[in-house]
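An overview of the molecular structure
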Amino acid sequence: MAGLLASAAAMAQGACVNEPARAHELRVLDEIQITELMERFDVVAAPQRLHHMLASLVAASKSLQTGPAVHLLAYEDADLNAYAADHGMVILTSAMWSVKEDLSDDELAAVMAHELAHIEGRDALVEACANLQRLGQPTLGFEDARDRMALEMFNPRSALARAAQQQLHAQEHAADVRAIQLLRAVGRNPQAMVSVLAKIHGTTPSALNLLMGTTHPELRVRLEKAQAAVDAVVK
């Protein structure tokens, strides 16, 4: 019986992920958040070399080439940060290419490759659909589901919150591994994935999702897994 229930849940989640109306619903929510972000910060032009890097990484991925066009957006901020939206948006803070942070071009490419991996996997949509299944309400709107999952975070014993956090951590690990593959595919040093993770997350708190708490895995574990992926690709 447990197997049948798990299978039914997986089928329901798959139907959600493959439903165009659900993808559109998420895009609307993402665009609202991006608009609010751009109202709080000054939009800036990213260096042209970053646009070229992004284009080369997209060209190395068949799924990205056949998916929605990918665009690069940047805003002025002293904190190192990057985001992705499933509908083809990579967002960077200006700190990424600042003289102060001194990230190499390979490290910048690693950051963008990581965000592109999230777009490839449609990770935000997968997460949103999974939350509907966790709540047992597959017809619920994504925004309402987010609100309900946010309430779960106030309960330290919530199995729903734990499961959601575990999924987010797994997505981060998978995006690191895929980014390493993309770096290798375009002739960049895959070791840059490990070094940039240490630079970004070694000096600042782990990124937070307002709904799920810490979205990034524990840094030591993340670096170990990324290094193992680099070693495997190099060999």
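In case you missed it, the structure is sitting above this.
So, here's what we can say about the structure. Counting of residues starts from 1 at the beginning of each chain's written sequence and follows it residue by residue. Totals for whole chains, interfaces and linings use every residue, but because this is a predicted model, local features are given only for residues with pLDDT of at least 70 and side-chain atom pairs only at 80 or more, for both listing and counting. Based on all heavy atoms of the structure, the side-chain values leave hydrogens and waters out of the count.

Each helix and strand in the protein chain was counted, giving 10 helices and 6 strands. Relative accessibility under 20% of the residue-type maximum defines a buried residue, over 50% an exposed one, and the middle range a partly exposed one, all with a 1.4 Å probe and only protein chains included. For the protein chain, the residues scored as buried account for 41% of the 235 residues in total. Numbering goes from the N terminus for both helices and strands, where a helix is a DSSP run of H or I of at least four residues and a strand is a run of E of at least two.

One less than the residue count of a helix, multiplied by 1.5 Å, gives the span that helix is expected to have. Along its 12 residues, helix α3 (residues 48-59) runs 17 Å from first to last C-alpha, staying within 8% of the 16 Å computed at 1.5 Å per residue. Within α3, the full set of buried residues consists of L50, M53, L54, L57 and V58. Angularly, the buried residues of α3 cover 135° about the axis, an arc narrow enough to put them on a single face. For α3, the exposed residues set more than 90 degrees away from the buried face come down to Q48 and H52. What the arc covers is the set of directions going from the helix axis to the C-beta atoms.

Its place among the elements puts S63 in helix α4 (residues 62-66). The class of S63 is partly exposed, set by a relative accessible area of 40%. Placed 58 residues apart in sequence, S63 and G121 show a C-alpha to C-alpha distance of 9.3 Å. Polar contact criterion, stated in full: a pair of N or O atoms within 3.5 Å, where within protein one must be able to donate a hydrogen and the other to accept it, and residues adjacent in sequence count only if both atoms are side-chain atoms. A polar contact of 3.4 Å, which involves the side chain of S63, links it to the side chain of E120.

The side chains of a regular strand alternate between the sheet's two faces. Judged by how many residues are buried, strand β2 (residues 71-75) sits mostly within the fold: 4 of 5 residues are covered. The criterion for strand pairing is that DSSP finds at least two bridges linking the strands in question. Here strand β1 (residues 43-44) runs beside β2; their pairing, made up of 2 bridges, is antiparallel. Following the sheet pairing, V43 is matched in β2 by Y75. When β2 meets strand β4 (residues 89-93), the two strands line up parallel, connected through 5 bridges. Note that in β4 the partner of H71 across the bridge is M89.

Attention now goes to the state of the cysteines. The criterion for a disulfide is a pair of cysteine sulfur atoms lying within 2.5 Å. Considering all chains together, one arrives at 1 disulfide under this definition. C16 shares a disulfide with C129; S-S distance 2.0 Å. Taking the sign of the S-S torsion, about -75° here, the bridge from C16 to C129 comes out left-handed. With C16 in helix α1 (residues 2-17) and C129 in helix α6 (residues 123-135), this pair connects stretches of sequence that are 113 residues apart. On the accessibility criterion, C129 (0% relative accessible area) is buried.

Our focus in this paragraph is the nonpolar core. Among buried residues, the Ala, Val, Leu, Ile, Met, Phe, Trp, Tyr and Cys ones that are joined through side-chain atoms within 4.5 Å form a nonpolar core. Counting 38 residues, the largest nonpolar core has V90, L92, M96, M112 and L116 as the members making the most contacts within it. Put simply, the parts of the chain that give this core at least two residues each are α3, β2, β4, α5 (105-121), α8 (159-185), α9 (191-201) and α10 (219-234). Sort the elements by how many residues they give to this core and α5 lands first, with 8 residues. The contact criterion used is simple: two residues touch if any of their non-hydrogen atoms lie within 4.5 Å. For M96, the residues in contact, after removing those within four places along its chain, are L80, N81, A82, L103, L108, V111 and I200. Counting residues in each nonpolar core, the second largest holds 15 residues, with V17, L26, C129 and A164 among its members.

A separate point is the side chain of S94. Along the chain, S94 falls in the loop between β4 and α5. Setting aside its immediate chain neighbours within four residues, S94 contacts V44, Y75, E76 and D77.

Time to look at the packing of aromatic side chains. Between 30 and 60 degrees the pair is tilted, below 30 it is stacked and above 60 it is edge-to-face, where a pair is any two Phe, Tyr or Trp rings, Trp via its six-membered ring, whose centres lie within 6.5 Å. All told, the structure shown has 1 aromatic pair when counted by the stated rule. Ring plane angle 40° and centroid distance 4.7 Å describe the contact between F41 and Y75, whose orientation is recorded as tilted. Placement of F41 in the loop between α2 (20-40) and β1 and of Y75 in strand β2 is noted, with a sequence separation of 34 residues between them. For F41, a relative accessible area of 21% corresponds to the partly exposed category. For Y75, a relative accessible area of 1% gives the class buried. Cation placement over rings: the criterion is NZ of Lys or CZ of Arg within 6 Å of the ring centroid and within 35° of the ring normal. Taking the ring centre of F142 as reference, the NZ or CZ of R22 above it sits at 4.7 Å.

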